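Below are the chains, spelled out letter by letter.
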Amino acid sequence: TLAALALLAGFACVPVHAQKLDLNFDSIAKRATKKTELKFDHPPQFTSVDSVSIHEYEFANPGEYADSELDPLRKQANNSAGWSRFFNVKENGEHTEMYILTVGGKPTGFLLIGVEPTKLSVIHISGSIQLAQIEELVNSTVRFKEPVQD
């Protein structure tokens, strides 16, 4: 009772940096025909962002990975203090979820899981960011991925 409350209070005070999500998709990546894995620590244009992790996998055929393979990540986000799912849409064989981590009423993390029959996308942002900045950040990483033309 009192010990349980003290334990819960201790978990609630764990710094955001210690509450990392497991973003290991090695088993899925092995089956992908195309993969993009990017990790940025402290992107210079977003001083309040600690890290950005983008994982995108494309597959030759539907069924080469299962939506359920993302269940451990979903469970981790759903069961971790401060995380809450605020968007969940399933339609036409696609599934999109967005989670936000709040600490002290301020957004300090973002997780997007996008599942399509032949494509999987996971984007994780750690740090303080406004939702309007997420599109700008993702677009800047997409430009980074494009080959440089001479």
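Scoring rules and cut-offs
Residues numbered from 1 in each chain as written. Predicted model: local features only at pLDDT ≥ 70, side-chain atom pairs only at ≥ 80, totals over all residues. Heavy atoms only, no water. Helix = DSSP H or I, 4+ residues; strand = E, 2+ residues; numbered from the N terminus. Buried < 20%, exposed > 50% of the residue type's maximum accessible area, 1.4 Å probe, protein only. Contact = heavy atoms within 4.5 Å. Areas by Shrake-Rupley, 256 points an atom, 1.4 Å probe, with all protein chains shown as cover. Salt bridge = Lys/Arg side-chain N within 4 Å of Asp/Glu carboxyl O. Pairing = 2+ DSSP bridges. Phe/Tyr/Trp six-rings, centres within 6.5 Å; stacked < 30°, edge-to-face > 60°.

A. The arrangement of the overall build of the chain in detail. Looking only at helices and strands, one finds 4 helices and 6 strands in the chain. N-terminal to C-terminal, the α/β element order of the chain is α-α-β-β-α-β-β-β-β-α. In the chain, which comprises 150 residues, the share counted as buried stands at 35%. When contacts within the chain are restricted to residue pairs at least 6 apart in sequence, those whose partners lie at least 24 apart make up 52%. As displayed, the chain has an accessible area near 9,200 Å², and 55% of this comes from carbon and sulfur atoms.

B. The arrangement of the pattern of salt bridges in detail. In the structure shown here, the tally under the stated rule is 7 salt bridges. In this structure, the salt-bridge partner of R31 is E69, at a minimum N-O distance of 2.5 Å. Of this pair, R31 sits in the loop between helix 2 (26–29) and strand 1 (34–41) while E69 sits in the loop between strand 2 (49–58) and helix 3 (71–79), placing them 38 residues apart in sequence. Note that K39 and D41 form a salt bridge whose closest N and O atoms lie 3.2 Å from each other.

C. Highlighting the pairing of strand 5 (residues 106–116). Judged by how many residues are buried, strand 5 sits mostly within the fold: 8 of 11 residues are covered. Sheet topology places strand 4 (residues 94–103) next to strand 5; 9 bridges connect them, and they run antiparallel. Within strand 5, the residue paired with E97 across the bridge is I113. Two strands pair when backbone bridges link them, and strand 5 and strand 6 (residues 119–127) are joined in this way by 8 bridges, in the antiparallel orientation. In the sheet register, G109 faces strand 6, and the bridge partner there is S126.

D. A look at the packing of aromatic side chains. According to the stated counting rule, one finds 2 aromatic pairs in the structure shown. Taking 6.3 Å as the distance between ring centres and 65 degrees as the angle between the ring planes, the aromatic pair formed by F25 and Y57 counts as edge-to-face. Residue F25 is located in the loop between helix 1 (2–12) and helix 2, and its partner Y57 is located in strand 2; the two are separated by 32 residues in the primary sequence. Here F25 and Y57 have matching classes, each one buried. Residues F59 and Y65 carry aromatic rings whose centres are separated by 4.6 Å and whose planes lie at 25 degrees to one another, so their mutual orientation is stacked. Its relative accessible area of 5% is what places F59 among the buried residues.

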